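Coordinate inspection notes
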Amino acid sequence: MTNPVSEPDSNPTAVDRTAAERFLRAFHSYGVDRVFANLGTDHTPLLEAAAAVRRAGDEDEIPDIVSSPHEFAAMSAAHGYAAVTGEPQVVLVHVDVGTQNLGAAMHNAHRAGAPVFVLAGLAPVTDAGHSGSRDHPVHYFQDVFDQPGIVREYCRWSDQYRPPADPAETVRRGLERAVSHPPGPVYVTATREALSETVNAAPVTTSRRRVGPGGADASEIERLLSYVRDADRPAVITSDIGRAPADDRVGAVVAFAEAAGAGVVEQTPTTLCFPRDHDHHIGYDPEVALDRADLVILAETDVPWIPDERESPTDATVVQIDPAPTKPTYPRWPFAIDETIQADAATTLEAVADRLSQTTETSGSFWRDVAAERRADAADRLSADESAGRLTPTVLSAAVSSIVDDDTIVVEDAVTSRPAIMSQIRLSEPGSYFWKGGAGLGWAGGAGVGAKLASPDSRVISLVGDGSYLFANPSACALLAAEYDAPTLTVVYDNQGWNAVEGATKAQYPEGAAAADAVPESHIETRVDLSAPATLVDAHTRTVDDPDELPQALEAAAAAVDSGTPAVLDVTVERP
């Protein structure tokens, strides 16, 4: 499908502009709201262009420039903003060193399919005689052989802008590749000299497209319909189907589950894919579906289960519905599939739901019973922990649920505390939950700010582990939130170390020496107040180590955020 947009330049006649100004105007015309920028000496033409546009009274014709204290925070914020809105945003970074500072945030956007346009400066290529020529020793230090190579594997497309080409076409092409399937980051470089050049900015009428597969064709719908009708216990495993536009896509899964009597598993979800209080939500462990279903539908999931020594993990028929079923960005993808439908999963499931007659009560009741067992188990775990006076991730998550409403957005990066969060905070609204999609810790700090900028009326709560919080560069995130009036509540699940590392070591070597010693390298003995970095901007901060203090502490923190003050709670929890 094609996204209609305005022309990149509203002037109906050709006009000379600097390439830098043309970039900024084209970003805005093609739907970019914000440029998340960590600035350097290579960006001087862009800063001059932005100032000239503002002086001319045209500030509404370029994106807002959000100055970020660190590139990782900028990229994570753009990712969070894009995840909430479904629209691509821009990150501006400084030559090779700024590109390196994107780090794991680039990996996260790649794996999550977040559409982000990264514009990076290049070291000047002339020693003198041109606007933007080298004028400092650093311009020699920054000159490297293959700057795009730093991030090439994580990009859907990369290019270098070279005048006299029109920057608007570079912008259009980059944004088109960022949002078209498979979506993800793109990377463009430009020297100071190139950005300083005057270009003839003729009006451009080409639209920025968003291209991807539609629903399955009629014959595929019929085959899938036949599978569903023949199944007694169909189930869906999904990870990514709830992406924007979330209302329509989550609604399609609900319609299918109710019409087919299917259970739904959210396997490492990047966003809310199915209401977590729904009677057909059977949890987050794919083994539940693999062991009990007679038809398993993989609906847009990259890692549907963890393979083991069995030839097949299930006796059920496995049908995959996915726009990119062979997963070309994964070196290995060893999952046994019986039938593959290359199509948009939400559109396909909705079409099947429309064709289904009402299923029997028995079919739906099986998964409702499973879901009820799951909820009862979660309640029992909470009751046991509360009765024992323990402050566990389960107890903390249940307390957090008391300050979550239909307008709340939860941004999560809590690793080993994640199961407790998922089971105790039963979010139901599409677009109410986001996860980084990859392995790069620290994402939630910047992503929470991006989500708040994208949805300013929402209460945004970031739930993070202590390691994730430190990886986020929390001082930079606190400053970013304060500077742009984007207050969020960060709750740190502080288990004093790397619990995931301890768990992985014990799992691989259960009888080993490291396990016998409790993997001492995974523990941090020095106790610190992790909320302290947020005091740089006079945020509301507090440490909590008593479960009885949680209700009041969370209410006070939520009230602070609602009044415009960022808040951080450092909560000491037992290791799961």
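First, a word on what this report is: a plain description of the structure on this page. (Residues numbered from 1 in each chain as written. Predicted model: local features only at pLDDT ≥ 70, side-chain atom pairs only at ≥ 80, totals over all residues. Heavy atoms only, no water.)

Quick word on empty space enclosed by the protein
- One pass over the full model with this rule turns up two cavities of 30 Å³ or more.
- There is about 200 Å³ of room inside the largest cavity.
- If you list the elements that add at least two residues to the lining of the largest cavity, you get α16 (443-454), β16 (459-465), α18 (474-483) and β19 (567-572).
- In terms of residue class, the lining of the largest cavity is made up of 14 nonpolar, four polar and no charged.
- In this model, the second largest cavity occupies a volume close to 80 Å³.
- What lines the second largest cavity is L24, F27, V35, A37, L39, L46, L47, I65, V90, L92 and L119.
- At the level of elements, α1 (19-29), β2 (34-37), α2 (44-55) and β4 (89-93) are the ones that each hand at least two residues to the lining of the second largest cavity.
- Class assignment for the residues of the lining of the second largest cavity results in eleven nonpolar, no polar and no charged. (1 Å grid on protein atoms, 1.4 Å probe; cavity = no way out; pocket = protein on both sides within 12 Å on 5 of 7 lines; lining within 4 Å. Points joined across faces, edges and corners; volume = space filled by probe spheres on them. Helix = DSSP H or I, 4+ residues; strand = E, 2+ residues; numbered from the N terminus. Nonpolar A, V, L, I, M, F, W, Y, C, P; charged D, E, K, R; others polar.)

Examining the layout of surface pockets
- What the largest pocket holds in volume is close to 1,200 Å³.
- As for the largest pocket, its lining consists of 49 residues, and the residues nearest its centre are H181, P183, R243, R249 and E300.
- Of all the elements in the fold, those that place two or more residues in the lining of the largest pocket are α3 (71-85), α5 (104-112), α10 (246-260), α12 (345-355) and β15 (433-435).
- It is α3 that provides the largest number of residues to the lining of the largest pocket, a total of four residues.
- Taken as a whole, the second largest pocket holds about 490 Å³ of empty space.
- Elements that contribute at least two residues to the lining of the second largest pocket include exactly α11 (286-292), α13 (361-387) and α15 (418-424).
- Residues of the lining of the second largest pocket, tallied by class, amount to nine nonpolar, four polar and eight charged.

Side note on the sheet that holds strand β18 (residues 540-544)
- With parallel pairing, six strands are arranged side by side in an open sheet as β15-β14-β16-β17-β19-β18. Two strands close off the open sheet at either side, each with one partner strand: β15 and β18. Looking at each pair of strands side by side, their axes are set apart by 15° on average, direction ignored.
- Alignment of β18 against β19, held across five bridges, turns out to be parallel. The residue of β19 that forms the bridge with R542 is L569.
- Along the sheet, helix α14 (residues 393-401) contacts β16, β17 (489-494) and β19; its crossing angle with β17, the most-contacted strand, is approximately 165°. (Pairing = 2+ DSSP bridges. Axes fitted to C-alpha atoms, helices over the stretch in contact; angles between N-to-C directions. Contact = heavy atoms within 4.5 Å.)

A word on the pairing of strand β6 (residues 157-160)
- One ladder, built from four bridges, connects β6 with strand β7 (residues 186-191); its direction is parallel. Along β7, the bridge assignment pairs W157 with V186.
- Crossover β6 to β7 through helix α7 (residues 167-179) is right-handed. (Right-handed = clockwise from strand over helix to strand, strands pointing away.)

Section: α7
- For α7, which comprises 13 residues, the first-to-last C-alpha distance of 18 Å matches the rise-based estimate of 18 Å (1.5 Å per residue) to within 8%.
- The buried fraction of α7 amounts to eleven of the 13 residues, a majority that puts the element mostly inside the structure.
- Among the residues making up α7, those that are buried are P167, A168, T170, V171, R172, G174, L175, E176, R177, A178 and V179.
- Contacts from the buried residues of α7 go to α1, β5 (116-122), β6, β7 and β8 (198-201).
- Put simply, D166 is the residue that caps the front of α7, since its side-chain oxygen is 3.0 Å from the backbone nitrogen of A168. (Expected span 1.5 Å × (residues − 1). Buried < 20%, exposed > 50% of the residue type's maximum accessible area, 1.4 Å probe, protein only. Polar contact = N/O pair within 3.5 Å; in protein donor to acceptor, adjacent residues only side chain to side chain.)

What about the pattern of salt bridges?
- For the coordinates displayed, the defined rule picks out 35 salt bridges.
- In this structure, E21 and R17 form a salt bridge, with 2.9 Å as the shortest nitrogen-oxygen distance.
- For E21, a relative accessible area of 13% corresponds to the buried category.
- Relative accessible area serves as the criterion here: at 14%, R17 is assigned to the buried category.
- Put simply, R375 and D279 hold a salt bridge, and the shortest N to O gap is 3.7 Å. Pair noted here: R375 is in helix α13 and D279 is in the loop between β10 (263-266) and α11, with a separation of 96 residues, a long-range link.
- One salt-bridge network, held together by shared partners, links R17, E21, R25, D58 and E61. (Salt bridge = Lys/Arg side-chain N within 4 Å of Asp/Glu carboxyl O.)

Quick word on unusual backbone geometry
- Of note, the amide linkage connecting H181 to P182 takes the cis form, showing an omega dihedral of -5°.
- By secondary structure assignment, the location of P182 is in the loop between α7 and β7.
- Residue A244 is joined to P245 through a cis peptide bond whose omega torsion reads 0°.
- Of note, E300 is a non-glycine position whose phi angle comes to about 55°, a positive value.
- Located in the positive-phi region is K327, a residue other than glycine, with phi close to 50°.
- Locating K327 in the fold gives a position in the loop between β12 (317-322) and β13 (339-342).
- Classification of K327 by relative accessible area gives buried; the value is 6%.

Some points on the environment of A514
- Among the structural elements, A514 can be located in helix α20 (residues 513-516).
- The spacing of A514 and E502 is twelve residues in sequence and 8.8 Å in space, taken between C-alpha atoms.
- Setting aside residues no more than four positions away along its own chain, A514 makes contact with T505 and V519.

So, the sheet that holds β7
- Spatially, the six strands line up as an open sheet ordered β3-β2-β4-β5-β7-β6, and their pairing is parallel. Bordering the open sheet on either side are β3 (64-67) and β6, each of which pairs with just one other strand. Sheet twist, expressed as the mean angle between neighbouring strand axes with direction ignored, is 20°.
- Of the pairings in the sheet, the one linking β4 to β5 comprises five bridges and is parallel in character. From the neighbouring strand, Q89 faces β5, where its bridge partner is V116.

Thoughts on the environment of P148
- When you line up the elements, P148 lands in the loop between α6 (138-141) and β6.
- The spacing of P148 and Q160 is twelve residues in sequence and 9.1 Å in space, taken between C-alpha atoms.

What to know about the pairing of β2
- Here β2 shows a buried face lined by R34 and F36 and a second buried face lined by V35 and A37.
- Where β2 and β3 come together, four bridges link them in parallel fashion. Residue pairing in the sheet places R34 in a bridge with D64 of β3.
- The handedness of the β2 to β3 crossover, carried by α2, is right-handed.
- Sheet topology places β2 next to β4; three bridges connect them, and they run parallel. From the neighbouring strand, F36 faces β4, where its bridge partner is V91.

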